[in-house]
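Results of the structural survey
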Amino acid sequence: MKTPVKAVILAVSIFLGWSAWNGVNALLSARPAAILVEEQGGSTMAPQIKKNPEDLKKTLTPEQYRVMFQCGTEPAFSGVYNDFWEKGEYHCAACEALLFKSETKVEHGTGWPSFSDPAAKDTLVFLEDRSFGMVRTEVRCAYCGAHLGHVFDDGPSPTGRHYCVNSAALTFKKTGAERTKNSTSAPAAAGRSASSAPIAAGTEIATFAAGCFWGVEDKFIKLPGVVETVVGYTGGHTKNPSYRDVCSDKTGHAESVRVTFIPSLISYEDLVQAFFTFHDPTQLNRQGPDVGTQYRSVIFYHSEDQKAKAQVIKAEFDASGRFRKSIVTEIVPASEFTKAEEYHQKYIQKKK
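It should be emphasised that the depicted structure is a prediction, and the values quoted were computed from it without experimental measurement.

The next subject is the nonpolar core. By size, the foremost hydrophobic cluster in this structure holds 39 residues, and its most contacted members are Phe 208, Phe 220, Leu 271 and Ile 299. Here this core gets 7 residues from one element, more than from any other, and that element is helix H7 (residues 268-278). When residues no more than four places from it in sequence are discounted, the contact partners of Phe 220 are Phe 208, Val 226, Thr 229, Val 257, Val 259, Leu 271, Phe 275 and Phe 278. With 33 residues, the next largest nonpolar core counts Cys 92, Val 139, Cys 144 and Ala 169 among its residues.

So, on to the environment of Arg 244. On the secondary structure map, Arg 244 appears in helix H6 (residues 243-247). Classification of Arg 244 as partly exposed rests on a relative accessible area of 25%. As a C-alpha pair, Arg 244 and Ala 97 span 147 residues in sequence and 9.8 Å in three-dimensional space.

Attention shifts here to unusual backbone geometry. In this model, Ser 157 is joined to Pro 158 through a cis peptide bond whose omega is 5°. Its place among the elements puts Pro 158 in the loop between strand S7 (147-152) and strand S8 (162-165). For Phe 77, which is not a glycine, the phi torsion comes out positive at approximately 65°. Mapping Phe 77 onto the fold places it in the loop between helix H4 (62-69) and strand S1 (88-92). Since its relative accessible area comes to 57%, Phe 77 is described here as exposed.

The subject of this paragraph is the environment of Glu 255. Mapped onto the elements of the fold, Glu 255 is located in strand S12 (residues 254-261). Separated by 24 residues in the primary sequence, Glu 255 and Val 231 have C-alpha atoms spaced 7.3 Å apart. Dropping the residues within four chain positions of it, Glu 255 is found in contact with Lys 51, Phe 208, Ala 209, Ala 210, Gly 211, Cys 212, Phe 213, Gly 232, Tyr 243, Gln 294 and Tyr 295.

A few words now on the packing of aromatic side chains. One pass over the structure, following the stated rule, counts 18 aromatic pairs. Between Phe 220 and Phe 278, the aromatic rings sit 5.0 Å apart at their centres with planes inclined by 80°, giving edge-to-face as the arrangement. Here Phe 220, found in helix H5 (residues 213-220), pairs with Phe 278, found in helix H7; they are 58 residues apart in sequence, far enough to count as distant. The buried category is assigned to Phe 220, whose relative accessible area is 0%. Centre to centre, the rings of Phe 275 and Phe 276 are 5.1 Å apart; their planes meet at 70°, and the pair counts as edge-to-face.

Moving on, we get to the pairing of S8. Residue alternation in S8 divides its side chains into two sets, His 162 and Cys 164 and Tyr 163 and Val 165, and both sets are buried. Of the strand pairs in this sheet, strand S4 (residues 114-115) and S8 are connected by 2 bridges, and their pairing is antiparallel. By the bridge assignment, Ser 114 is partnered in S8 with Cys 164. Pairing analysis gives 4 bridges linking S7 to S8, with the strands arranged antiparallel. Note that in S8 the partner of His 150 across the bridge is Cys 164.

Turning next to H5. For H5, the tally of buried residues reaches 7 of 8 residues, placing the bulk of the element in the interior. Within H5, the full set of buried residues consists of Phe 213, Trp 214, Gly 215, Val 216, Glu 217, Asp 218 and Phe 220.

Conventions adopted
Residues numbered from 1 in each chain as written. Predicted model: local features only at pLDDT ≥ 70, side-chain atom pairs only at ≥ 80, totals over all residues. Heavy atoms only, no water. Core = buried A, V, L, I, M, F, W, Y, C linked by side-chain atoms within 4.5 Å. Buried < 20%, exposed > 50% of the residue type's maximum accessible area, 1.4 Å probe, protein only. Helix = DSSP H or I, 4+ residues; strand = E, 2+ residues; numbered from the N terminus. Contact = heavy atoms within 4.5 Å. Phe/Tyr/Trp six-rings, centres within 6.5 Å; stacked < 30°, edge-to-face > 60°. Pairing = 2+ DSSP bridges.

Below, the structure is given as structure tokens:
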């Protein structure tokens with residue numbers, strides 16, 4: 001073949017390849033995130049709920065963690081919710097916030113669960129994604145920041161949107177089943193105060209805050225002599241707060257664990273000593289990556305005897321040299337305790 005002919009063929013091939021790529025890029029591209037936020041609602045703000053990656057790895061499967069917190073993508077047509085049409089709600093697999101409803105689920109033929117509209121306008125975060133040489137709009141959970149998928153402008157009427165979501169990022173709940181959220185996308189208030197819960201004969205109550213209550217509860221419940229644990233919110237000024245309220249860092253409440261124990265099997269001093277080993281009590285208003293007053297270190301005493309014992313043990317730990325910095329744990333009177341939403345109770349045990 002003559003050189004000029006080869007050159008023409010090569011040029012045509014390059015042109016066709018370039019055109020095909022641009023066509024695919026145009027098909028897969030979505031409008032910038034700012035436009036979607038303005039038109040659709042939603043946010044480009046940072047997530048409200050921040051969880052330690054190690055805690056997430058304990059509660060999520062490796063595939064869920066890869067998809068949701070390493071921006072992975074499950075293979076097309078492999079997800080459990082791709083060809084799934086039961087009536088109900090789709091929640092975030094990491095924080096259980098309500099994301100989508102079955103009424104807006106559509107068959108798009110892409111191989112991933114597809115929705116035309118979110119459950120509420122503030123339930124999603126939109127971010128510009130320029131990976132793989134394309135310009136797309138990534139969709140994340142507004143509450144924990146988990147990667148869900150992408151949104152495109154090739155959806156059905158009336159929204160014209162196509163939310164293409166990984167099954168691994170979702171948890172399905174049937175309509176009519178007991179709900180763990182309110183009618184919007186945020187975790188709902190428990191609606192019940194646990195401060196006046198009856199105490200079984202021969203047991204006592206202790207209350208602690210040491211960061212995210214999922215892990216703290218899981219540690220306390222494993223101690224011999226502890227018969228029950230309840231996670232909730234206390235130490236603040238907002239009446240009957242929800243998880244979302246507390247995560248705003250404006251309620252004054254701390255994520256706390258109320259421990260019911262048998263003193264003949266485990267003493268209050270034993271619990272306080274364990275408390276100081278469960279977390280870093282020198283960190284002010286945080287535990288690791290979880291930042292805010294809701295994650296502060298607190299011992300909420302229920303009697304003057306508990307107060308005195310907690311003060312002695314705190315002083316002993318402070319003087320022991322165990323920590324490089326001074327302990328900042330507060331020792332304050334126990335106040336009204338609002339039980340957290342049911343999905344928070346024994347969270348780590350439920351996920352095992």
